[in-house]
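# Structural characterization, general
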Amino acid sequence: MRTYLSPEEVQQIIAVAENLQERLILRLLWATGIRVSELVALTADSIDPHKDVLTIRHLKSQEGRYRQVPVLAAVAAELREYIKTTGIKGRVFPYHRQWIYDVVKQVAERAGFSGRCILNPDTNRRHFVSPHKLRDALGVAWLKKRGDMQGQKTAQVMLGHKNFNTTARYFKLGMTEVQEMYQTVFGDEGKPEHTPSG
């Protein structure tokens, strides 16, 4: 059973979105690592009109902190178009968090990811595809591409983690990766010796 969604699986889910709103919700969750509470708090002025940058308000912070994150040009263009077409002036998605959870779960089910199809190896509990699983997918993909110090620090900024230990939990390794590293460490030492028969 999978422990996180791969980028390819995320794209399979996005591909079956039935309208711009669904696609935009999924793409923003994936392409920015935004929390669902931050997504429903986005306003029309959260997207920079000239640069592909999103300003996200830290809802967990008491000090009213913000972070800016890059967003794919195509997603930024879709977001601007959605805001323009709908005439939204305030919140982009004026819904409750549960509504966003339901949208993500329904679209994932249409893509074939039904039921509790993701296993949390730490708790041994199974989960539905949710907004947080798209955020997890970004964190894991980011650190798989760039697990060095700079990659770790940029992932921390992107995901809005105050503490690096929170970011570090995205270092999720499957048995394939463990075996590859094991082979790298031991090389030929672990291979059985050839002994002539007889």
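These lines cover the structure that appears in this document, whether it is placed above or below. Remember, predicted model here, so these are calculated numbers, not experimental data. (Residues numbered from 1 in each chain as written. Predicted model: local features only at pLDDT ≥ 70, side-chain atom pairs only at ≥ 80, totals over all residues. Heavy atoms only, no water.)

### Some words on the overall build of the protein chain
Note the threshold: Think of it this way: any DSSP run of H or I at least four residues long counts as a helix, any run of E at least two long counts as a strand, and we number them from the N terminus. Classification of residues uses two cut-offs on accessible area relative to the type maximum, computed with a 1.4 Å probe and protein chains only: under 20% is buried, over 50% is exposed, and between them is partly exposed. The contact criterion used is simple: two residues touch if any of their non-hydrogen atoms lie within 4.5 Å.
Counting its secondary structure elements, the protein chain contains nine helices and four strands. When the helices and strands of the protein chain are placed in sequence order, the string is α-α-α-β-β-α-α-β-β-α-α-α-α. Scored against the burial criterion, the 198 residues of the protein chain give a buried share of 40%. Within the protein chain, contacts between residues separated by at least 24 positions form 62% of all contacts whose residues are at least 6 apart in sequence.

### Examining the side chain of Gln21
Here is the rule we go by: N or O atoms closer than or at 3.5 Å make up a polar contact, with two conditions inside protein: a donor-capable atom paired with an acceptor-capable one, and, for residues adjacent in sequence, both atoms drawn from side chains.
Note that Gln21 resides in helix H2 (residues 20–32). Engagement of the side chain of Gln21 in a polar contact is seen with the side chain of Tyr82, the distance being 2.7 Å. Ignoring anything within four residues of it in the chain, the contact list for Gln21 reads Tyr82, Phe93, Tyr95 and Trp99.

### Side note on the packing of H2 against helix H4 (residues 73–86)
Two numbers describe a pair of packed helices, the interaxial angle and the distance between the axes. Formally: In this analysis, axes come from line fits to C-alpha atoms, helices being fitted only over the stretch in contact, and the angle between any two N-to-C directions falls in the range 0 to 180 degrees. In these notes the angle categories are as follows: under 35 degrees is roughly parallel, over 145 is roughly antiparallel, 65 to 115 is roughly perpendicular, and the rest is oblique. The sense of a crossing depends on the near helix, which, turned anticlockwise from the far helix by less than a right angle, makes the crossing left-handed and, turned clockwise, makes it right-handed.
Two elements in contact, H2 and H4, have axes whose closest approach is 10 Å; the angle formed by their N-to-C orientations is 140 degrees. Relative to H4, H2 is oriented oblique. The two elements H2 and H4 cross, and the hand of that crossing is left-handed. Facing H2, whose interface residues are Leu20, Gln21, Arg23, Leu24, Arg27, Leu28 and Ala31, H4 presents Ala74, Val75, Glu78, Leu79 and Tyr82.

### Overview of the nonpolar core
Just so we agree on the cut-off: Nonpolar cores are built from buried Ala, Val, Leu, Ile, Met, Phe, Trp, Tyr and Cys residues. Side-chain atoms within 4.5 Å join them into one set.
Among the nonpolar cores identified, the biggest contains 51 residues, and Leu5, Leu28, Leu39, Phe93, Ile100 and Val129 are the most heavily contacted of them. Contributions of two or more residues to this core are made by helix H1 (7–15), H2, helix H3 (36–41), strand S1 (53–57), H4, helix H5 (97–110), helix H6 (131–145) and helix H7 (149–159). Among the elements that make up this core, the one with the highest residue count is H2 (seven residues). Beyond its immediate stretch of four places on either side in the chain, Leu28 contacts Gly33, Ile34, Leu39, Leu42, Leu54, Val71, Val75, Leu79 and Phe93.

### Details of the environment of Thr166
Positionally, Thr166 belongs in helix H8 (residues 164–168). The sequence separation of Thr166 and Gln156 amounts to 10 residues, and the corresponding C-alpha distance is 8.2 Å.

### Notes on the packing of H2 against H6
Our working rule: Charged residues are taken to be Asp, Glu, Lys and Arg, nonpolar residues to be Ala, Val, Leu, Ile, Met, Phe, Trp, Tyr, Cys and Pro, and polar residues to be all remaining types, Gly included.
Following both chains from N to C, one finds H2 and H6 inclined at 35 degrees, their axes separated by 7 Å at the closest point. Here H2 and H6 pass one another in a crossing that is right-handed. Side by side, H2 and H6 meet where Leu26, Leu29, Trp30, Ala31 and Thr32 of the first sit next to Pro131, Leu134, Arg135, Ala137, Leu138 and Ala141 of the second. Taken together, the residues of the contact of H2 with H6 break down into nine nonpolar, one polar and one charged.

### Let's talk about unusual backbone geometry
A positive phi is found at Asn124, a non-glycine position, where the angle reads about 65 degrees. Structurally, Asn124 can be placed in the loop between strand S3 (118–120) and strand S4 (125–127). Residue Asn124 is classed as exposed on the basis of its relative accessible area, which comes to 59%.

### Focus on the packing of aromatic side chains
The condition is simple: Think of it this way: a Phe, Tyr or Trp ring, Trp meaning its six-membered ring, pairs with another when their centres are within 6.5 Å, and the plane angle makes it stacked under 30 degrees, edge-to-face over 60, tilted otherwise. The criterion for a charge sitting over a ring is simple: Lys NZ or Arg CZ within 6 Å of the ring centre, and within 35 degrees of the ring normal.
Scanning the model with the defined rule gives two aromatic pairs in all. Summarising the aromatic geometry, the rings of Tyr95 and Trp99 are spaced 3.9 Å apart at their centres and angled 25 degrees between planes, so their arrangement reads as stacked. Taking the relative accessible area as the measure of exposure, Tyr95 reaches 28% and is therefore partly exposed. Directly above the aromatic system of Phe128 lies the positively charged group of Lys105, at a separation of 4.2 Å from the ring centroid.

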